[in-house]
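# Summary of structural features
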Number of protein chains: 2
Amino acid sequence: MARYRVGLETRERILAATRRLLSEFGIEGVTLKAITDQAKVGAGSFYNLFDSKDDAVFEVVREAVEAVDPDPAGAGTDSLEDLVDAFVAFMTGSSPIARIYLQLAGRGLTDPAIASRVLRSHRRRVERFADAWQRHEPGLDAIEAEHRAEVTLAALTGLGMTALMDPGFDMRAHAQRVLQDPRLQPER
Amino acid sequence: MARYRVGLETRERILAATRRLLSEFGIEGVTLKAITDQAKVGAGSFYNLFDSKDDAVFEVVREAVEAVDPDPAGAGTDSLEDLVDAFVAFMTGSSPIARIYLQLAGRGLTDPAIASRVLRSHRRRVERFADAWQRHEPGLDAIEAEHRAEVTLAALTGLGMTALMDPGFDMRAHAQRVLQDPRLQPER
DNA sequence: GCAAAAGTGGAACGGACACTCCAATATGTA
DNA sequence: TACATATTGGAGTGTCCGTTCCACTTTTGC
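Residues numbered from 1 in each chain as written. Chains lettered and ligands numbered in written order. Predicted model: local features only at pLDDT ≥ 70, side-chain atom pairs only at ≥ 80, totals over all residues. Heavy atoms only, no water.

What follows is about the protein's contact with DNA strand D. The environment of DNA strand D is formed by 25 residues, the closest being Leu 32, Tyr 47 and Lys 53 of chain A together with Thr 10 and Gly 44 of chain B. In the interface set of DNA strand D, defined as its atoms within 4 Å of the protein, sugar plus phosphate atoms amount to 67%. Leu 32 of chain A is positioned with one of its backbone polar atoms (N or O) 2.6 Å from a phosphate oxygen of DNA strand D. Interatomic distance of 2.8 Å between a backbone N/O atom of Gly 42 of chain B and a phosphate oxygen of DNA strand D. If one sorts the elements of the surface near DNA strand D by residue count, helix α3 (residues 43–49) of chain B sits on top with four residues. By residue class, the composition of the surface near DNA strand D is twelve nonpolar, nine polar and four charged. (Near = heavy atom within 4 Å. Polar contact = N/O pair within 3.5 Å; in protein donor to acceptor, adjacent residues only side chain to side chain. Helix = DSSP H or I, 4+ residues; strand = E, 2+ residues; numbered from the N terminus. Nonpolar A, V, L, I, M, F, W, Y, C, P; charged D, E, K, R; others polar.)

Laid out in structure tokens, this is it:
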């Protein structure tokens with residue numbers, strides 16, 4: 001969409017403004033007016049570069065998720081611990097955009113368009129975790145690894161929600177249990 | 001608030017309408033107009049009986065959560081399996097209000113008023129699970145039981161989210177893993 | 001340097017929606 | 001019955017917001 005240099009710059013300004021607003025005020029604080037004011041841009045410019053307000057929001061969240069990936073290249077070198085750490089960092093780290101991610105997931109519960117976006121990224125993540133499980137425990141069959149991954153990730157997501165609502169909640173400590181928990185561990 | 005018989009009846013009609021709308025259209029489908037139309041009531045009547053739209057929504061969700069409680073009297077007789085089953089039933093059962101519960105939790109991530117409501121009910125639930133853990137494994141110390149409860153519940157919440165977004169997801173099967181303790185089982 | 005295309009600001013539009021207000025009526029009580 | 005108070009409908013209010021439209025300017029490739 002953006003073809004000229006100025007257009008690309010404007011696009012970045014808009015994304016930065018959106019990111020900042022999401023961080024500071026949450027998803028409800030992000031209105032088109034807020035974005036365009038913050039980015040010092042007219043509404044026309046916005047719609048010249050984005051299809052909709054949500055379009056910009058999704059892009060910001062996508063970038064934030066990517067930023068904490070321990071293995072962005074997909075080299076298959078990330079351990080379970082790495083992945084859990086990355087997830088915890090994402091949820092409890094300085095970027096409040098984790099909230100937005102979970103809220104979007106919440107909207108996905110009734111909005112099929114959002115659900116498919118969220119599910120797609122969920123699937124990718126489950127696969128990453130399943131692979132890590134297999135590296136962690138060679139010989140684990142694929143189905144079993146995927147099931148473990150699903151539960152691991154579910155637990156992390158649930159813990160993340162609690163952590164985001166309760167400032168006193170120690171997500172890291174609980175998350176470590178997820179890997180230590182005998183129920184999720186190999187026998188013996 | 002309602003003092004006369006007619007008032008109480010109207011209140012019930014409003015709650016029934018809200019429940020129905022939540023079930024059918026999700027939280028976005030519930031507008032004041034929709035509620036009052038469905039309940040065949042004027043806006044004035046609504047605000048005579050409820051403080052706000054959210055007030056009615058919360059009440060409906062609260063009742064739905066209560067309805068699947070395996071031990072409403074709090075007699076302390078519910079087993080871990082009962083609790084997990086109840087949670088799975090709540091999430092995958094016929095009442096689509098589970099979605100609403102999770103969505104409200106999502107809103108709690110940025111709205112402190114909602115967060116405190118959600119956290120309060122979360123705490124109660126964690127306690128129920130912790131107690132059940134202790135009954136399940138006598139001699140378990142209280143802190144350990146609570147930590148297990150926190151993780152168990154987090155995993156169930158996460159699985160619930162996936163289940164609600166992905167119709168093909170078998171939540172029950174995954175949820176059973178959450179309780180499985182390989183150390184107590186001969187073989188998987 | 002010139003045109004075609006991209007970029008720009010911001011007024012205006014259309015619609016949604018929670019909530020208020022109030023005059024009229026129904027209800028319960030003494 | 002008489003009266004205080006609860007209940008009622010629904011028009012009206014105020015506000016917010018995403019998006020469109022368009023005349024004008026800037027950029028870029030040639």
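Moving on to the domain arrangement of chain A. All names here are of chain A. Its domain assignment divides chain A into domain 1 (5–58) and domain 2 (72–184). Computed over C-alpha atoms, the centres of domain 1 and domain 2 are 28 Å apart. Facing the eight residues of domain 1 at the interface are eight residues of domain 2. Counting the surface lost from both domain 1 and domain 2, the interface buries some 780 Å², and carbon and sulfur atoms represent 72% of this. Three residues, Ser 23, Ile 27 and Phe 58, lead the burial of domain 1 against domain 2; their summed loss comes to 64% of the area buried on that side. (Domains from an automatic or database assignment. Contact = heavy atoms within 4.5 Å. Buried area = accessible area lost by both parts, 1.4 Å probe.)

Unusually for a residue other than glycine, Lys 40 of chain A sits at a positive phi of about 50°. Note that Lys 40 of chain A resides in the loop between α2 (32–39) and α3 (43–49).

If you check the shell around DNA strand C, you find 25 residues, and the closest are Arg 3, Thr 10, Gly 42 and Gly 44 of chain A together with Leu 32 of chain B. A share of 71% is what sugar and phosphate atoms reach among the atoms of DNA strand C within 4 Å of the protein. Within the backbone of Ala 43 of chain A, an N or O atom sits 3.2 Å from a base nitrogen of DNA strand C. Take the surface near DNA strand C: its biggest share by element is four residues, from α3 of chain A. Classifying every residue of the surface near DNA strand C by side-chain character gives twelve nonpolar, nine polar and four charged.

With that settled, consider the interface of chain B and chain A. Taken residue by residue, the interface counts 44 residues in chain B and 39 residues in chain A. Of the roughly 3700 Å² buried at the junction of chain B and chain A (both faces included), carbon and sulfur atoms supply 65%. Contact with chain A buries surface across chain B, with Leu 109, Met 165 and Arg 177 of chain B losing the most and accounting together for 21% of the total. Seen at the junction of chain B and chain A, the total is four salt bridges. Asp 166 of chain A is the partner of Arg 123 of chain B in a salt bridge, and the nearest nitrogen-oxygen pair spans 2.3 Å. For the interface between chain B and chain A, the tally reads seven residue pairs in polar contact (both at pLDDT 80 or more). Listed by contribution, the elements that provide at least two residues to the side of chain B that touches chain A are α6 (97–108), α7 (112–136), α8 (142–165) and α9 (171–179) of chain B. Counting residues per element, the side of chain B that touches chain A draws most heavily on α8 of chain B, which supplies 15 residues. (Salt bridge = Lys/Arg side-chain N within 4 Å of Asp/Glu carboxyl O.)

In this structure the tally under the stated criterion is six aromatic pairs over all chains. Between the aromatic rings of Phe 46 of chain A and Tyr 47 of chain A, the centroid separation amounts to 5.1 Å while the plane-to-plane angle is 65°, which identifies the pairing as edge-to-face. Three or more aromatic residues joined by ring pairs make a cluster, and in this case those are Phe 46, Tyr 47 and Phe 50 of chain A. Residue placement shows Arg 117 of chain B over the ring face of Phe 58 of chain B; its charged tip is 3.9 Å from the ring centre. (Phe/Tyr/Trp six-rings, centres within 6.5 Å; stacked < 30°, edge-to-face > 60°. Lys NZ or Arg CZ within 6 Å of the ring centre and 35° of its normal.)

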